[in-house]
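Architecture and fold: a report
Chain by chain, the residues run as shown.
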Amino acid sequence: MTHDEVRDLLPAYALGALDQDEHAAVEEHLGGCREHDEELIELRATVLALGTLAEEREPSAALAGEIERLTGEVPGDRSAVAPVHMRPLAEPGARRSVAHRWWPRAAAAAAVLLVVFTAGWLAGGTLGAEERYSYVVQAPGGAVLEFSGIAGDDAVTVWMAGLDRLPPDQRYQIWAIRDDRWVTIGICNTNAEGRWRGDFAFTLATDEEIALTIEPTPGSDRPTSDPLIRTRF
Amino acid sequence: MRDTSSEQVRFATRLQARDGAALRELFEREGRRALGLAYRVLGDQAAAEDAVQEAFAQLWERADRLDPAGGRIESLLMTMVYRRAIDLARARRNGAITLPPPDMLPHVDEQAAAVLDRVVELLSSDGLRRKLRAALHALPEEQRVVVEHAYFEGLTLREIAERERLPLGTVKSRLRLAMEKLTAAMRTQTLS
């Protein structure tokens, strides 16, 4: 691609509006062309500025809650849980601390007691001497739902993988079933890679029966679809 | 006059240290604008909130790799929100297959953000919006439409040509003329 041809395409390049092959050709040329570099910086500044023209919108409380959860904090109780990645590993024997240990996936898998459930799911869990638990539900298709935390604690860390990202009008809802009453543990959606991780303000019992359903956004008071998972600790 | 660059570096340093309060401050300060941009691209509140959430998650995941002196976090965040929204919009159009918008050369975006910062310092954010909106409205309609298709819908030149039933060369030249005018308006502000 010639110098002049690249110049003609720079505005479209700055907007990300070129096909992949043209984009690559422009990028290759730009590596060694100072003149186009300067022009491109101005064009990109314009593109960034275009983003400021959109009218502001009020985020929902659910979105604000999701941002709080990113930092490991539970809305309304900022002292309850520290961010997962900021937690130091728990000292052996530590009973109750914000220093929850994020169990390595392999260690958790090695520790699980596998039980075959009628729906064809494999599930298992462990309750160690330090009263930390990690409970894993694994589907034949590769989907995984894991709960971890400290027994009796007021927060549970949930990790999901291998579950399709739902469209905007649907959410995954995780339930505890207590005396035939369905209580919401939390509501979430997986990312484009089919994963989600976060904390919910919920105290799991040691013999908890849990379920996962797909519900209309923003969630339901009671399940409206058959559970993808229903199992007991 | 406040030393905004020092404040920006301090704020970026807090994020880099994974200070959750800093991320919440960023959301409180920029959440509405980020959501507005994602909504402008996607036209759907729930999908727009997904894009914003994912951009914040991506920023938080990579916070320890931030360069505190590398420019405004706000510009980086808005770029991430925009790219995620465009990705979702393209995924919708093309079914399950999605091509993420190509990344620009990193040093270009850093310097572009610095140029934008200078304009904001001169005009304020509201002033920048007024000037840019005026420049956009001053464009001939056929040029403005092409910019809006490319920016707010994430259409490629080829897709715009198909949508508008125009020759590809016409779309290319309209987009180039429009962007040159908008960029000239920005340049006037930085030089005046």
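This text goes with the structure placed above it.
Residues numbered from 1 in each chain as written. Chains lettered and ligands numbered in written order. Predicted model: local features only at pLDDT ≥ 70, side-chain atom pairs only at ≥ 80, totals over all residues. Heavy atoms only, no water.

**Digging into helix H3 (residues 45–61) of chain B**
Residues and elements named next belong to chain B. In a regular helix each residue adds 1.5 Å, so 17 residues correspond to 24 Å; H3 covers 24 Å between its end C-alpha atoms and thus fits that length. Within H3, 12 of the 17 residues are buried, which leaves it mostly tucked inside the rest of the structure. Buried within H3 we find Ala47, Ala48, Glu49, Asp50, Ala51, Val52, Gln53, Glu54, Ala55, Phe56, Leu59 and Trp60. Its side-chain oxygen 2.9 Å from the backbone nitrogen of Ala46, Asp44 forms the N-cap of H3. (Helix = DSSP H or I, 4+ residues; strand = E, 2+ residues; numbered from the N terminus. Expected span 1.5 Å × (residues − 1). Buried < 20%, exposed > 50% of the residue type's maximum accessible area, 1.4 Å probe, protein only. Polar contact = N/O pair within 3.5 Å; in protein donor to acceptor, adjacent residues only side chain to side chain.)

**A word on the pairing of strand E10 (residues 229–232) of chain A**
Residue and element names in this part refer to chain A. The alternating pattern of E10 places Ile229 and Thr231 on a buried face, while none of Arg230 and Arg232, on the opposite face, is buried. Pairing between strand E9 (residues 209–216) and E10: four bridges, direction antiparallel. Its bridge partner lying in E10, Ile210 is registered against Thr231. (Pairing = 2+ DSSP bridges.)

**Some words on the interface of chain B and chain A**
On the chain A side, the residues contacting the 67 residues of chain B number 58 residues. The tally of links from chain B across to chain A stands at seven salt bridges. Notably, a salt bridge pairs Glu58 of chain A with Arg32 of chain B, separated by 3.1 Å at the nearest N-O pair. Taken together, chain B and chain A are joined by 16 residue pairs in polar contact (both at pLDDT 80 or more). Counting only elements with at least two residues in the side of chain B that touches chain A, the list comes to helix H2 (20–42), H3, helix H4 (73–93), helix H5 (106–137), helix H6 (141–152), helix H7 (157–164) and helix H8 (168–191) of chain B. Broken down by class, the residue content of the side of chain B that touches chain A amounts to 35 nonpolar, 10 polar and 22 charged. (Contact = heavy atoms within 4.5 Å. Salt bridge = Lys/Arg side-chain N within 4 Å of Asp/Glu carboxyl O. Nonpolar A, V, L, I, M, F, W, Y, C, P; charged D, E, K, R; others polar.)

**Considerations on the packing of aromatic side chains**
All names here are of chain B. Scanning the model with the defined rule gives four aromatic pairs over all chains in all. When the centroid spacing of 5.5 Å and the interplanar angle of 80° are considered together, the rings of Phe27 and Phe56 count as edge-to-face. Highlighted residues: Phe27 in helix H2 and Phe56 in helix H3, separated in sequence by 29 residues. A residue is classified by how much of its surface remains accessible, and Phe27, at 9% relative accessible area, is buried. Relative accessible area serves as the criterion here: at 0%, Phe56 is assigned to the buried category. Note on Tyr151 and Phe152: the rings are 4.7 Å apart at their centroids and 85° apart in plane angle, and the pair reads as edge-to-face. (Phe/Tyr/Trp six-rings, centres within 6.5 Å; stacked < 30°, edge-to-face > 60°.)

**Some words on the pattern of salt bridges**
Under the counting rule described, the total for this entry stands at 21 salt bridges over all chains. Between Arg176 of chain B and Asp8 of chain A there is a salt bridge, and its shortest N-O distance comes to 3.5 Å. Remark: Asp8 of chain A occurs in helix H1 (residues 3–14) and Arg176 of chain B occurs in helix H8; the pair is interchain, linking two chains. A cluster of three or more residues bridged by salt bridges with shared partners is formed by Arg165 and Arg171 of chain A together with Asp50, Glu54, Arg84 and Asp87 of chain B.

None of the figures reported here should be taken as evidence of function without further support.
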